[in-house]
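Remarks on the overall topology
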Amino acid sequence: MDHQGQFRRAALELGIPDDEISRFSQHLRLAIGLSGGGDGSPVGHIGGLPRLPVGMKWPSAGDIPLPLLLSVDCGALPRVDGFDLPADGTLLFFVHQEMDFGASRADPGQYARVVYVPDGTETAVAEPPDSACAGERIDVCADLRADLPLWLEEGDEDWHEFWEDLEWDDMSPFQQQLARYMERELPHLDQLRSLAYGLWSSGAYRVIGGYADDEATVGSIMAKTLGKGEWLSYLDEDALQLASEWIPLANEGRVYEEYYTKFMIRHDDLAAARWDKALAVTIFDAP
């Protein structure tokens, strides 16, 4: 489906200039929400047992087996413009969240794996080496949601208070540039944002695609890939560049006082199916 065309036609009907729609659309991504208990056909499952190629061992880090987080049937997922997921086959995400959270920067992928199983591969249901590797199976259905980079998002009260409380003289040159861009180039930002959210409104807890949706995730990517520590502000040129280059392959929502994991991958690695380049970011959200 031509989602960009659908959005453009709806925005033009609201009287928004075409060039402004184009500028906004450059930042708009669609994500695939995964929810249990929906009315549609299942596209995968959380937990449960994976189907692995015959003869393949359960993924592990040395003698530590990695629990299955999610399995999705790529052929059953809705297609999204500009998101180069395989047209068929199965993606499986394994991670030992507690170990990944404390993993050394020298080997950030040690406790996580992404496994792709092409269609036509002879598979069998894998027996877990440990009961903790296979949680309760929950089938999930898919729908779409609109996603914007954090600096254009709406709804995070703390974030917008931070942005609105910035005095002009306290902003960096890059932050001033962002502020001018939003004011001058996107005067209908509220309307465009509301339109996108109205067209694609999934509230799913687990998501494929979209953006890295918090500072902790982008900070962890920078720390694991560049060896740099986290910064104080998401409104940083390096941070926003990094967030635009990476896309969530599997994104768990924030859970207070629990671990949650986001599998991130660069666009070019996704297009080339370099699954070993995916990076797991596990966060523990303390109150």
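Up top is the structure these notes are about.
Below or above, wherever it landed, is the structure these notes cover.

About the thresholds
Residues numbered from 1 in each chain as written. Predicted model: local features only at pLDDT ≥ 70, side-chain atom pairs only at ≥ 80, totals over all residues. Heavy atoms only, no water. 1 Å grid on protein atoms, 1.4 Å probe; cavity = no way out; pocket = protein on both sides within 12 Å on 5 of 7 lines; lining within 4 Å. Points joined across faces, edges and corners; volume = space filled by probe spheres on them. Helix = DSSP H or I, 4+ residues; strand = E, 2+ residues; numbered from the N terminus. Nonpolar A, V, L, I, M, F, W, Y, C, P; charged D, E, K, R; others polar. Phe/Tyr/Trp six-rings, centres within 6.5 Å; stacked < 30°, edge-to-face > 60°. Lys NZ or Arg CZ within 6 Å of the ring centre and 35° of its normal. Contact = heavy atoms within 4.5 Å. Polar contact = N/O pair within 3.5 Å; in protein donor to acceptor, adjacent residues only side chain to side chain. Pairing = 2+ DSSP bridges. Axes fitted to C-alpha atoms, helices over the stretch in contact; angles between N-to-C directions. Core = buried A, V, L, I, M, F, W, Y, C linked by side-chain atoms within 4.5 Å. Buried < 20%, exposed > 50% of the residue type's maximum accessible area, 1.4 Å probe, protein only. Salt bridge = Lys/Arg side-chain N within 4 Å of Asp/Glu carboxyl O. Parallel < 35°, antiparallel > 145°, perpendicular 65-115°, else oblique. Left-handed = near helix turned anticlockwise from the far one by under 90°. Arc of directions from axis to C-beta.

Quick notes on empty space enclosed by the protein
- Enumeration according to the criterion identifies one cavity of 30 Å³ or more in this entry.
- What the largest cavity holds in volume is close to 40 Å³.
- Around the largest cavity sit Leu 69, Leu 70, Arg 206, Val 207, Ala 250, Asn 251 and Glu 252, which together line it.
- Only β6 (68–73), β11 (206–209) and β12 (246–252) provide two or more residues apiece to the lining of the largest cavity.
- Ranked by residue count, the leading element in the lining of the largest cavity is β12, at three residues.
- In the lining of the largest cavity, the residues fall into four nonpolar, one polar and two charged.

Some points on the packing of aromatic side chains
- Throughout the structure, instances matching the rule amount to nine aromatic pairs.
- Chaining the aromatic ring pairs together yields one cluster made of Phe 7, Phe 24 and Trp 200.
- Sitting over the face of the ring of Tyr 211, Arg 29 holds its NZ or CZ atom 3.9 Å from the ring centroid.

A look at the environment of Arg 23
- Tracing the chain through its elements places Arg 23 in helix α2 (residues 18–25).
- The spacing of Arg 23 and Leu 186 is 163 residues in sequence and 7.6 Å in space, taken between C-alpha atoms.
- Beyond its immediate chain neighbours, meaning those up to four positions away, Arg 23 contacts Tyr 181, Glu 185 and Leu 186.
- Looking at Arg 23, its side chain comes within polar contact range of the main-chain oxygen of Glu 185, at 3.0 Å.

Overview of the sheet that holds strand β7 (residues 90–95)
- Spatial ordering of the open sheet is given by β8-β7-β6-β2-β10-β1-β11-β12-β13-β14, a layout of 10 strands whose pairing is antiparallel. In this open sheet, the two edge strands, each paired with only one partner strand, are β8 (112–117) and β14 (279–284). Each adjacent strand pair in this sheet contributes to an overall mean axis angle of 25°, direction not counted.
- Bridging between strand β2 (residues 44–46) and strand β10 (residues 138–147) involves three bridges; their strand directions are antiparallel.

A word on the nonpolar core
- In this structure, Phe 93, Leu 249 and Phe 263 are the most contacted members of the largest nonpolar core, which totals 51 residues.
- By residue number, the principal contributor to this core is helix α6 (residues 189–199), which donates four residues.
- By size, the runner-up hydrophobic cluster in this structure holds 13 residues, among which are Val 218, Met 222, Ala 243 and Leu 279.

Notes on the pattern of salt bridges
- Taken as a whole and assessed by the stated rule, the structure comprises eight salt bridges.
- Its salt-bridge partner being Asp 18, residue Arg 8 comes within 2.6 Å of it at the nearest N-O pair. One end of the pair, Arg 8, is in helix α1 (residues 3–13); the other, Asp 18, is in helix α2, with 10 residues separating them in the sequence.
- For Arg 8, a relative accessible area of 25% puts it in the partly exposed group.
- The class for Asp 18 is partly exposed, based on a relative accessible area of 38%.
- Notably, a salt bridge pairs Asp 139 with Arg 137, separated by 2.9 Å at the nearest N-O pair.

Some points on the packing of α2 against α6
- Their axes nearest at 11 Å, the elements α2 and α6 cross at an angle of 60°. The angle between α2 and α6 places the two elements in the oblique class. The two elements α2 and α6 meet at a crossing, and its hand is right-handed. Of the residues in α6, those touching α2 at Glu 20, Ile 21 and Phe 24 are Leu 189, Leu 192, Arg 193 and Ala 196.
- Among the residues forming the contact of α2 with α6, the class breakdown is five nonpolar, no polar and two charged.

Quick word on helix α8 (residues 237–245)
- Of the positions making up α8, those classed as buried are Ala 239, Leu 240, Leu 242 and Ala 243. Buried residues of α8 fall within an arc of 160° about the axis and therefore sit on the same side.

Some thoughts on unusual backbone geometry
- Although it is not a glycine, Ala 273 sits at a positive phi angle of roughly 55°.
- Mapping Ala 273 onto the fold places it in the loop between α9 (267–271) and β14.
- By relative accessible area, Ala 273 is classed as partly exposed at 40%.

Digging into the packing of α1 against α2
- Packing of α1 against α2 brings their axes to within 10 Å, and their N-to-C directions diverge by 140°. Judged on the interaxial angle alone, α2 and α1 are oblique. Note that α1 runs across α2; the crossing there is right-handed. On α2, the residues touching Gln 4, Phe 7, Arg 8, Ala 11 and Leu 12 of α1 are Asp 18, Ile 21, Ser 22, Phe 24 and Ser 25.

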